[in-house]
Amino acid sequence: MRLFAAVLPPPAAVDELARAVARLRALPGAEALRWTAREGWHLTLAFYGETAEEELPALSAGLALAAAGEADFPLALRGGGRFGSRALWAGVAGDLTALGRLAERSREAGPADADRTYRPHLTLARGRGSADLAPYVSVLDAFEGTAWRAGELALVRSTLGGGPDGAGPPRYEKVAGWPLRGAG
């Protein structure tokens, strides 16, 4: 199974972002982008990739320790940006130091790609070819979501081509979660 660790924004934060994304999707050219479904919106902390079932207990134990080492902390979805013409994302504000620590602990919990620099973001759309994402980033600049407390570390399964016929966008399913209850 294809797994990653994440912080999942609460429904109220997702609703706020969905209203902003509706404005983005009304912009000229938006139909050329592959928009992520709001049900899959998350802040990836560590990507483990294909993971065998027998590796799940050790990964779960490592993630439980990671969560136990961090207290809940404030976050908000705010602004946005892009990775070239490949991806449009919503930004994150709040205690980014705590989020970075949780990401590091999550990477240490399993076979994650340790070479990646952690850049907190929530992917909204992917570009096709040489999409100009600058107009979307300009609109996102004004987005300021309400603050919320990140209180759980989630293990999420990603199924590529999540549709019934194997086509379509990925489907995400929370496999397990651990409360953040440490001293930070």
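Residues numbered from 1 in each chain as written. Predicted model: local features only at pLDDT ≥ 70, side-chain atom pairs only at ≥ 80, totals over all residues. Heavy atoms only, no water.

1. Focus on the sheet that holds strand 7 (residues 148–150)
Okay, step 1: If you trace the five strands from one edge of the open sheet to the other, you get 2-6-5-4-7, paired in antiparallel fashion. The sheet is open, and its two edges are formed by strand 2 (34–35) and strand 7, each paired on a single side.
Okay, step 2: Set on the sheet, helix 1 (residues 11–25) makes contact with strand 2, strand 4 (73–83), strand 5 (87–94), strand 6 (122–126) and strand 7; between it and strand 6 the angle comes to about 25°.
Okay, step 3: Here helix 3 (residues 96–108) sits on the sheet in contact with strand 4 and strand 5, set at roughly 80° to strand 4. (Pairing = 2+ DSSP bridges. Helix = DSSP H or I, 4+ residues; strand = E, 2+ residues; numbered from the N terminus. Contact = heavy atoms within 4.5 Å. Axes fitted to C-alpha atoms, helices over the stretch in contact; angles between N-to-C directions.)

2. Re the sheet that holds strand 1 (residues 2–7)
Okay, step 1: Here four strands make up an open sheet; going across it, the order is 3-1-8-9 and the pairing antiparallel. Across the chains shown, the open sheet's two edge strands, defined by having one partner strand only, are strand 3 (43–50) and strand 9 (171–179). Each neighbouring strand pair of the sheet contributes to a mean axis angle of 25°, computed without reference to strand direction.
Okay, step 2: Contacting strand 1, strand 3, strand 8 (152–159) and strand 9, helix 2 (residues 56–68) runs over the sheet at an angle of about 145° to strand 8.

3. Let's talk about the pairing of strand 1
Okay, step 1: Of all six residues in strand 1, five are buried; the element is thus mostly enclosed.
Okay, step 2: Here six bridges tie strand 1 to strand 3, and the two strands are oriented antiparallel to one another. Bridge pairing in strand 3 links Val7 to Leu43.
Okay, step 3: Here strand 1 runs beside strand 8; their pairing, made up of five bridges, is antiparallel. Looking across to strand 8, one finds that Arg2 is bridged to Ser158. (Buried < 20%, exposed > 50% of the residue type's maximum accessible area, 1.4 Å probe, protein only.)

4. Observations concerning helix 1
Okay, step 1: An ideal rise of 1.5 Å per residue puts 21 Å on 15 residues; helix 1 measures up with 20 Å between its terminal C-alpha atoms.
Okay, step 2: Where helix 1 is concerned, the buried positions are Ala13, Val14, Glu16, Leu17, Ala18, Ala20, Val21 and Leu24.
Okay, step 3: Tucked into the core, helix 1 has its buried residues touching strand 2, strand 4, strand 5, strand 6, helix 4 (134–140) and strand 7. (Expected span 1.5 Å × (residues − 1).)

5. Points about a positive patch on the surface
Okay, step 1: A contiguous patch of positive charge on the surface is contributed by Arg34, Arg86, Arg126 and Arg128.
Okay, step 2: Taking relative accessible area as the criterion, Arg128 reaches 48% and is therefore assigned partly exposed. (Patch = residues over 30% accessible without salt bridge, like charges linked within 9 Å, V, L, I, M, F, W, Y side chains within 5 Å. Areas by Shrake-Rupley, 256 points an atom, 1.4 Å probe, with all protein chains shown as cover. Salt bridge = Lys/Arg side-chain N within 4 Å of Asp/Glu carboxyl O. Lys, Arg positive; Asp, Glu negative; His and termini not counted. Charge placed at Lys NZ, Arg CZ, Asp CG, Glu CD.)

6. Here we look at the pattern of salt bridges
Okay, step 1: Counted according to the given criterion, the structure contains eight salt bridges.
Okay, step 2: In this structure, Arg101 and Glu70 form a salt bridge, with 2.7 Å as the shortest nitrogen-oxygen distance. Separated by 31 residues along the polypeptide, Arg101 in helix 3 and Glu70 in the loop between helix 2 and strand 4 bring together distant segments of the chain.
Okay, step 3: Among the charged side chains, a network of salt bridges with common partners joins Glu70, Arg101 and Arg105.

7. Regarding the packing of aromatic side chains
Okay, step 1: Evaluated as defined, the whole model comprises three aromatic pairs.
Okay, step 2: On the numbers, 5.6 Å between centres and 40° between planes, the contact of Phe83 with Trp89 is tilted. Each member of the pair, Phe83 as well as Trp89, carries the same accessibility label: buried. (Phe/Tyr/Trp six-rings, centres within 6.5 Å; stacked < 30°, edge-to-face > 60°.)

8. A look at the environment of Val156
Okay, step 1: With respect to the helices, strands and loops of the structure, Val156 is situated in strand 8.
Okay, step 2: Residue class for Val156 comes out buried when judged on its relative accessible area of 3%.
Okay, step 3: Note: C-alpha distance between Val156 and Ala58 (98 residues apart in sequence) is 15 Å.

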